[in-house]
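Observations on the model geometry
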Amino acid sequence: MTKKMKESKFHITAILILYAINYSFGQSEDEINEDECTFNSIKLFGKIQFVESFPDLTVQVVESFPDLKVKIVDSFAEDCGEWQIVDSFPDVKVKIVESFADIKIKFVESFPGIP
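Nothing here was measured: the structure is a model prediction, and the numbers come from that model.

Let us now look at the overall build of the protein. Counting its regular elements, the protein contains 1 helix and 9 strands. What you see in the protein, going N to C, is helices and strands ordered as α-β-β-β-β-β-β-β-β-β. Every one of the 115 residues in the protein was classed for burial, and the buried ones make up 28%. Across the protein, the fraction of contacts at a sequence separation of at least 24, relative to all contacts at a separation of at least 6, is 77%. When the accessible surface of the protein is split by element, carbon and sulfur atoms take 54% of a total near 8700 Å².

Here is the structure:
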């Protein structure tokens with residue numbers, strides 16, 4: 001193997017390693033958009049139906065360091081973090097899980113939204 005071939009092989013290996021690092025530690029697509037109050041284009045407000053299967057979003061209820069503070073409202077859930085619980089025709093179907101949730105929420109009485 002010539003010196004030029006070894007250098008070429010080294011450069012290709014370095015590029016592949018840098019690509020792998022960028023892919024592993026790069027910005028995740030799974031994130032909350034604070035401006036639109038969405039998670040992967042899923043609204044974090046509106047009419048919410050709790051389900052056991054086929055959810056749009058999985059949430060873990062926490063007391064500290066939530067991604068979203070949620071206030072349950074009776075109607076007009078139009079602001080970030082306001083959830084109106086419904087049995088049919090939801091905007092978003094949510095499943096509550098103990099681990100590996102898409103987002104962590106905390107139920108609050110006032111000041112809902114992204115902390």
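A separate point is the pairing of strand S5 (residues 57-61). Of all 5 residues in S5, 4 are buried; the element is thus mostly enclosed. In the sheet, S5 pairs with strand S8 (residues 92-96) via 3 bridges, with the strands oriented parallel. By the bridge assignment, Thr58 is partnered in S8 with Lys95. Taken together, the 3 bridges between S5 and strand S9 (residues 103-107) define a ladder with parallel strand orientation. Looking at S9, one finds that Val59 is bridged to Ile103.

The parallel closed barrel is built from 6 strands, whose spatial order is S4-S7-S6-S9-S5-S8. In this sheet, neighbouring strand axes are inclined to one another by 45° on average, regardless of whether the strands run parallel or antiparallel.

The subject of this paragraph is the sheet that holds strand S1 (residues 32-33). Taken together, the 3 strands give an open sheet; going across it, the order is S1-S2-S3, and neighbouring strands pair in antiparallel fashion. Edge strands, defined here as strands with exactly one partner in the open sheet, are S1 and strand S3 (42-43).

For the rest of this paragraph, the subject is unusual backbone geometry. The backbone phi angle of Phe54 is positive, close to 55°, even though this residue is not glycine. Inspection of the secondary structure assignment puts Phe54 in the loop between strand S4 (46-50) and S5. On the accessibility criterion, Phe54 (71% relative accessible area) is exposed. One non-glycine residue, Phe76, lies in positive phi territory at about 55°. Residue position: Phe76 is located in the loop between strand S6 (68-72) and strand S7 (82-85).

In the predicted model, the protein carries a mean pLDDT of 86, and the fraction of residues at 70 or more is 75%. pLDDT under 50 marks residues 21-28. Its contacts with residues more than four places away, or in other chains, come to 1 contact.

About the thresholds
- Residues numbered from 1 in each chain as written.
- Predicted model: local features only at pLDDT ≥ 70, side-chain atom pairs only at ≥ 80, totals over all residues.
- Heavy atoms only, no water.
- Helix = DSSP H or I, 4+ residues; strand = E, 2+ residues; numbered from the N terminus.
- Buried < 20%, exposed > 50% of the residue type's maximum accessible area, 1.4 Å probe, protein only.
- Contact = heavy atoms within 4.5 Å.
- Areas by Shrake-Rupley, 256 points an atom, 1.4 Å probe, with all protein chains shown as cover.
- Pairing = 2+ DSSP bridges.
- Axes fitted to C-alpha atoms, helices over the stretch in contact; angles between N-to-C directions.
- pLDDT = per-residue confidence, 0-100.

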